[in-house]
Amino acid sequence: MPDSPAAASEHGRFRLNLLILSIVKFNFASYLTIGLPLAVLPGFVHDGLGYNAFWAGLVISLQYIATLLSRPHAGRYADLWGPKKVVVLGLVGCLLSGICILLSALSDGQGVLSLVLLCLGRVILGIGQSFSGTGTSLWGVARVGSLHIGRVISWNGIVTYGAMAIGAPLGVVIFRSGGLLLLSSIIIAICLLAIALALPRAPVKGSKAKPLPFRDVLSKVYGFGLILAMGSAGFGVIATFITLFYQDKGWDGAAFALTMFSAAFVGTRLLFPNAINKLGGLRVASICFAVEAMGLFLVAGSFDPWMAKMGAFLTGAGFSLVFPAIGVVAVKVVPQQNQGSALATYTAFMDLSLGITGPIAGFIMSYAGVSLVYFLTALLVCLALFCTLRMIKRMPGEPMVEVKENA
């Protein structure tokens, strides 16, 4: 990836952000295809098809497992082919997942076939998200220079969870209006539009430098990735089980709790865009883990819907800066030509966390209740906080990755 600070410095902060948004909008489209069915599929599998909480969690988690397995390939191909091709391939995967949901809706009377099609669609969606998410980050960095990698990662996260904030409640409204048929048709239309907008864009060449072997990249970033994995479990239990948590309590408004989570996530990134530069990534991450843990404890002990919503809000606010705060440190421990692989490998730890959170939490929920799931996850985030504080002591001079832009 080219480092072009001189070119990037010609843009004011506003123009720089617009340039980044012109690329990460494709990740917005891919995550919209994730957000739209997110609050619908667990209930559809559990209530519509008659499967238990384990299968409801597995359907959601299959996407993250597929993303985990394909993420290193996405980073490698983005480094070699250039990120635009990887983004377009990812959007095609999202399109195919919408087609699978459409076919599942058409076979709704046959429970096993419908479930298999949903699972297949989630796997394809996971691969598509891996390629589009990694590709848009690297495409953005290639356009503005690696000095601004923290800003690119942050904006990519904003559009990611912004799409989920919009998608979750909108998906519920669409599902109530026209079922999975209408929902899948809208997903397909979004993907076709995004592909049509991406194809005419100028490509970015891949790196010709010899990349490090995957095991070498992994050895450099795994410590950062493990902390990310523990912190990501909070997002996993909110995204996967908040709907069933509300059902268990006899409450309405689960989709709005997802919106609260996503709105807090986006709002925190918008309100504190320079926190990582001023305090350092690891220090910001430690603050975030403390807030995220408080949110999860609040959900676990909630006896009123407003408490659960506030807990989801705090969890989203806390998780907001975790990924970029640790990520900007992680990607700088490898040579520049390997930053795509490093970012993908680092992100794979979040995919791993989200992939195993669903089945494990579903198993615990089946035997001990959903509240315990949130309590145990809060303890795991506290462990992430402890590990981050230890890492701060070992890395007192962590590198800064972004310079102040011209106003």
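Entered under Sequence similarities (unreviewed entry) in the UniProt record, the comment concerning the protein chain runs "Belongs to the major facilitator superfamily. YhhS family."

A. Geometry of the overall build of the protein chain. A count of helical and extended segments in the protein chain gives 15 helices and 0 strands. Here the protein chain holds 407 residues, and the buried ones make up 60% of them. Long-range pairs, those at least 24 residues apart, make up 86% of the contacts in the protein chain with a sequence separation of at least 6. For the protein chain, the computed accessible surface area is about 15500 Å², with 69% contributed by carbon and sulfur atoms.

B. The arrangement of the packing of helix 6 (residues 111–144) against helix 7 (residues 149–198) in detail. Two numbers describe how helix 6 lies on helix 7: the axes approach to 9 Å, and their chain directions differ by 140°. For the pair helix 6 and helix 7, the crossing hand works out as right-handed. For the pair helix 6 and helix 7, the contacting residues are G133, T136, S137, G140, V141 and V144 in the first and I149, V152 and N156 in the second. Counted by class, the contact of helix 6 with helix 7 contains 4 nonpolar, 5 polar and no charged residues.

C. Region of the structure containing the side chain of T347. Checked against the element boundaries, T347 lands in helix 14 (residues 339–368). Judged by relative accessible area, T347 falls into the buried class, the value being 7%. In contact with T347, not counting residues within four places along its chain, are R71, L228 and F323.

D. Geometry of the packing of aromatic side chains. Taken as a whole, this structure holds 11 aromatic pairs when the rule is applied. Relative to W139, the ring of F26 lies with its centre 5.8 Å away and its plane at 10°, an arrangement referred to as stacked. With F26 in helix 2 (residues 13–38) and W139 in helix 6, this residue pair connects regions lying 113 residues apart in the sequence. In terms of burial, F26 and W139 fall into one category: buried. An aromatic cluster is defined as three or more aromatic residues linked by ring pairs; in this entry it consists of F235, F261, F265 and F319.

E. Examining a nonpolar patch on the surface more closely. A grouping of V92, L96, I99, L103, L106 and L181 is seen on the molecular surface, where their side chains present a nonpolar patch of about 480 Å² in accessible area. Top element by residues in the nonpolar patch is helix 5 (residues 83–106). It accounts for 5 residues.

F. Representation of the environment of C288. Its location among the elements puts C288 in helix 11 (residues 281–300). Distance in space between the C-alpha atoms of C288 and L314 is 9.6 Å, their sequence separation being 26 residues. Apart from the residues within four sequence positions on either side, C288 is in contact with G318, L321 and V322.

G. The environment of V87, seen in detail. Residue position: V87 is located in helix 5. Residues V87 and F26, 61 residues apart in the sequence, show an inter-C-alpha distance of 7.6 Å. Setting aside residues up to four positions removed in sequence, V87 forms contacts with F26, F131, S132, G135, T136 and W139.

H. Representation of the nonpolar core. F235, F245 and Y374 are the most contacted members of the largest nonpolar core, which has 125 residues in total. Counting residues per element, this core draws most heavily on helix 7, at 21 residues. Leaving out residues up to four positions away in the same chain, F235 has contacts with Y64, Y161, M164, F261, E292, F319 and L354.

I. Just the packing of helix 5 against helix 6, in detail. At a closest axis distance of 7 Å, the pairing of helix 5 and helix 6 adopts a crossing angle of 160°. For the element pair helix 5 / helix 6, the angle class is roughly antiparallel. Crossing geometry of helix 5 relative to helix 6 is assigned as left-handed. By residue class, the composition of the contact of helix 5 with helix 6 is 18 nonpolar, 11 polar and 1 charged.

J. Highlighting the side chain of K309. Here K309 shows up in helix 12 (residues 305–320). No salt bridge is formed by the buried K309; the nearest opposite charge belongs to D304, separated by 7.6 Å. Side-chain polar atoms of K309 contact the side chain of Y246, separated by 3.3 Å. Discounting residues that sit within four places of it in the chain, K309 has contacts with Y246, D252, G253, F256, A257 and M260.

How each quantity is defined
- Residues numbered from 1 in each chain as written.
- Predicted model: local features only at pLDDT ≥ 70, side-chain atom pairs only at ≥ 80, totals over all residues.
- Heavy atoms only, no water.
- UniProt positions renumbered as here; feature names shortened; annotations may be inferred.
- Helix = DSSP H or I, 4+ residues; strand = E, 2+ residues; numbered from the N terminus.
- Buried < 20%, exposed > 50% of the residue type's maximum accessible area, 1.4 Å probe, protein only.
- Contact = heavy atoms within 4.5 Å.
- Areas by Shrake-Rupley, 256 points an atom, 1.4 Å probe, with all protein chains shown as cover.
- Axes fitted to C-alpha atoms, helices over the stretch in contact; angles between N-to-C directions.
- Left-handed = near helix turned anticlockwise from the far one by under 90°.
- Nonpolar A, V, L, I, M, F, W, Y, C, P; charged D, E, K, R; others polar.
- Phe/Tyr/Trp six-rings, centres within 6.5 Å; stacked < 30°, edge-to-face > 60°.
- Patch = residues over 30% accessible without salt bridge, like charges linked within 9 Å, V, L, I, M, F, W, Y side chains within 5 Å.
- Salt bridge = Lys/Arg side-chain N within 4 Å of Asp/Glu carboxyl O.
- Core = buried A, V, L, I, M, F, W, Y, C linked by side-chain atoms within 4.5 Å.
- Parallel < 35°, antiparallel > 145°, perpendicular 65-115°, else oblique.
- Lys, Arg positive; Asp, Glu negative; His and termini not counted.
- Polar contact = N/O pair within 3.5 Å; in protein donor to acceptor, adjacent residues only side chain to side chain.

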